Amino acid sequence: MKSIKLTPKKKKQLNMYVRLAIQILFFLLFPSTFTSVFNGVKYIFTQIGLGSSVALNSFLAVLIALCVYTIVFGRFFCGYACAFGTMGDLLHKLYLFICKKMKKKPFKLNDKLSKVLSYLKYVVLLFIVIMYFLAYSSYLQGKSPWDVFSMIVSFNFRFDGYTFGIIALAVIMVGMFFIKRFFCRFLCPMGAVFSLLPSLPFTAVTRKRENCIKGCKACKNICPANIDIPERGKGNVSGECFQCGECISVCPKQNTGVSGKVRGNEIWYVLLRAVILLVVLYFIGV
């Protein structure tokens, strides 16, 4: 019996469908993971601000588990499992579909402006941390767009006092419609935390620059984080990488991949990371 050999185009499509299936699965099973893990961050700084001890609770357990997972496997949660990120991907795909039908060129944010805006998520994180540290968290009640999102996906439509949060979510959705991974790149406080974590070398996406086609920018052009894929062996790995694998699939010379023999977007490797994350989230009770 002959094994089926997929063409590069078919393999790319298969990878795309597998990623979409994983995103939908996590969206349906664990839509509030983002809120839970960031509640762990808020809990830590609330306790520190009060001068109280930090005890292990469900939110802190989720935060620790996901941070350890991210250190080992990179930001796979961001690229595949975050419900907020999945919503952003679907909204942007809708925008690209409309542009294609209307034969319009999609909007592209200036690279320099994009880089400047990428620091905004650290400002958001710092602001929230300070508010909880100083015990001013009551002022943030009803203003969280991800709390509103969690309520919607949980079919909880009691939005009394959440006017600001609803408006913020609407603005973010507009941004995600026009700009790929708008929230993740520019506003996500948990993304700021993940980007600061160290990443083990064997999970980092790198490329063999010497083998690249001259002038080719396919990997950067498709990257939702708009980052330059670091050269293999140089150690300058970016914490902004979402581990989506799009740069690996698009490379015409197959120079892009994770270190070692594993390219990074093989179906078995993607499924392995997804299954491990599913097990982790299930056992910590998300």
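These figures come from a predicted structure and were not determined experimentally.

Let us look at the overall build of the chain. Secondary structure assignment for the chain yields 14 helices and two strands. A globule of 286 residues ought to have a C-alpha radius of gyration of about 19 Å, and the chain, at 20 Å, matches this closely. Its C-alpha atoms give the chain principal-axis dimensions of about 60 × 45 × 40 Å. Scored against the burial criterion, the 286 residues of the chain give a buried share of 45%. Pairs at least 24 residues apart make up 72% of the contacts formed inside the chain by residues separated by at least 6 positions. Accessible surface computed for the chain: about 15900 Å², of which carbon and sulfur atoms make up 67%.

Look at the UniProt record and you will see "transmembrane region" (unreviewed entry) annotated at residues 20-41, 48-71, 77-98, 119-139, 159-179 and 267-285. Helix makes up 76% of residues 159-179 and strand 0%, and the two end C-alpha atoms of the span are 27 Å apart.

The next point concerns unusual backbone geometry. The phi torsion at Lys-103 lies on the positive side, around 55 degrees, for a residue other than glycine. Turning to its location among the elements, Lys-103 is positioned in the loop between α5 (83-102) and α6 (111-117). Using a relative accessible area of 78% as the deciding quantity, one classes Lys-103 as exposed.

Inspection of the entire model under this criterion finds 21 aromatic pairs. Pairing Phe-157 with Phe-159 gives two aromatic rings, centres 6.1 Å apart and planes at 80 degrees, and the pair type is edge-to-face. With a relative accessible area of 23%, Phe-159 lands in the partly exposed category. Through a chain of ring-to-ring contacts, the aromatic side chains of Phe-27, Phe-34, Phe-38, Phe-84, Trp-146, Phe-149 and Phe-183 assemble into a single cluster. Over the ring of Tyr-80 we find Arg-19; its NZ or CZ atom is 5.5 Å from the centre of that ring.

So, about the layout of surface pockets. What the largest pocket holds in volume is close to 540 Å³. Lining the largest pocket are 23 residues, and of these Ile-128, Lys-143, Ser-144, Pro-145 and Trp-146 lie nearest its centre. Taken together, the elements giving at least two residues each to the lining of the largest pocket come down to α2 (33-50), α7 (120-133), α8 (145-153) and α9 (163-178). Taken together, the residues that form the lining of the largest pocket break down as 15 nonpolar, five polar and three charged.

This part covers empty space enclosed by the protein. Enumeration according to the criterion identifies five cavities of 30 Å³ or more in this entry. Its boundaries defined by the atoms lining it, the second largest cavity holds a volume of some 90 Å³. In this structure, the second largest cavity is lined by Arg-207, Cys-212, Ile-213, Cys-216, Ala-218, Cys-219, Cys-251, Pro-252, Lys-253, Asn-255 and Thr-256. Here the residues of the lining of the second largest cavity sort into seven nonpolar, two polar and two charged.

The end-to-end C-alpha distance of helix α3 (residues 58-73), which contains 16 residues, comes to 22 Å, matching closely the 22 Å that a straight helix rising 1.5 Å per residue would cover. Among the residues of α3, Leu-60, Val-62, Leu-63, Ala-65, Leu-66, Cys-67, Tyr-69, Thr-70 and Phe-73 are the ones counted as buried. By the N-cap criterion, in which a side-chain oxygen at the helix start approaches the backbone nitrogen of a residue two or three places on, α3 is capped by Asn-57, the distance to Phe-59 being 3.2 Å. Of the residues trailing α3, Gly-74 is marked for its positive phi of about 75 degrees.

Next up on the list: the packing of α7 against helix α11 (residues 189-196). Packing of α7 against α11 leaves a shortest axis separation of 8 Å and a crossing angle of 105 degrees. On the basis of the axis angle, α7 is roughly perpendicular to α11. Of the residues in α11, those in contact with Lys-121, Tyr-122, Val-124, Leu-125 and Ile-128 of α7 are Pro-189, Gly-191, Ala-192, Val-193, Ser-195 and Leu-196. Here the residues of the contact of α7 with α11 are counted per class, giving eight nonpolar, two polar and one charged.

Residue position: Leu-29 is located in helix α1 (residues 8-29). When the C-alpha positions of Leu-29 and Gly-74 are compared, they lie 21 Å apart, and in sequence the two are 45 residues distant.

On to a nonpolar patch on the surface, then. Taken together, the side chains of Ile-48, Val-54, Leu-126, Ile-130, Phe-133, Leu-134, Tyr-136 and Tyr-139 present a nonpolar region at the surface, about 760 Å² in accessible area. Considering every element that reaches the nonpolar patch, the biggest residue donor is α7, with three residues.

With that settled, consider the state of the cysteines. Counted by the stated rule, this structure contains zero disulfides. Of all cysteine sulfurs in the structure, the one in Cys-219 sits closest to Cys-216, which takes part in no disulfide; the separation is 6.5 Å. Of all cysteine sulfurs, the one in Cys-247 lies closest to Cys-219, which takes part in no disulfide; the gap is 6.4 Å.

Thresholds applied
Residues numbered from 1 in each chain as written. Predicted model: local features only at pLDDT ≥ 70, side-chain atom pairs only at ≥ 80, totals over all residues. Heavy atoms only, no water. Helix = DSSP H or I, 4+ residues; strand = E, 2+ residues; numbered from the N terminus. Rg over C-alpha atoms; globule rule 2.2 N^0.38 Å. Buried < 20%, exposed > 50% of the residue type's maximum accessible area, 1.4 Å probe, protein only. Contact = heavy atoms within 4.5 Å. Areas by Shrake-Rupley, 256 points an atom, 1.4 Å probe, with all protein chains shown as cover. UniProt positions renumbered as here; feature names shortened; annotations may be inferred. Phe/Tyr/Trp six-rings, centres within 6.5 Å; stacked < 30°, edge-to-face > 60°. Lys NZ or Arg CZ within 6 Å of the ring centre and 35° of its normal. 1 Å grid on protein atoms, 1.4 Å probe; cavity = no way out; pocket = protein on both sides within 12 Å on 5 of 7 lines; lining within 4 Å. Points joined across faces, edges and corners; volume = space filled by probe spheres on them. Nonpolar A, V, L, I, M, F, W, Y, C, P; charged D, E, K, R; others polar. Expected span 1.5 Å × (residues − 1). Polar contact = N/O pair within 3.5 Å; in protein donor to acceptor, adjacent residues only side chain to side chain. Axes fitted to C-alpha atoms, helices over the stretch in contact; angles between N-to-C directions. Parallel < 35°, antiparallel > 145°, perpendicular 65-115°, else oblique. Patch = residues over 30% accessible without salt bridge, like charges linked within 9 Å, V, L, I, M, F, W, Y side chains within 5 Å. Salt bridge = Lys/Arg side-chain N within 4 Å of Asp/Glu carboxyl O. Disulfide = S-S within 2.5 Å.

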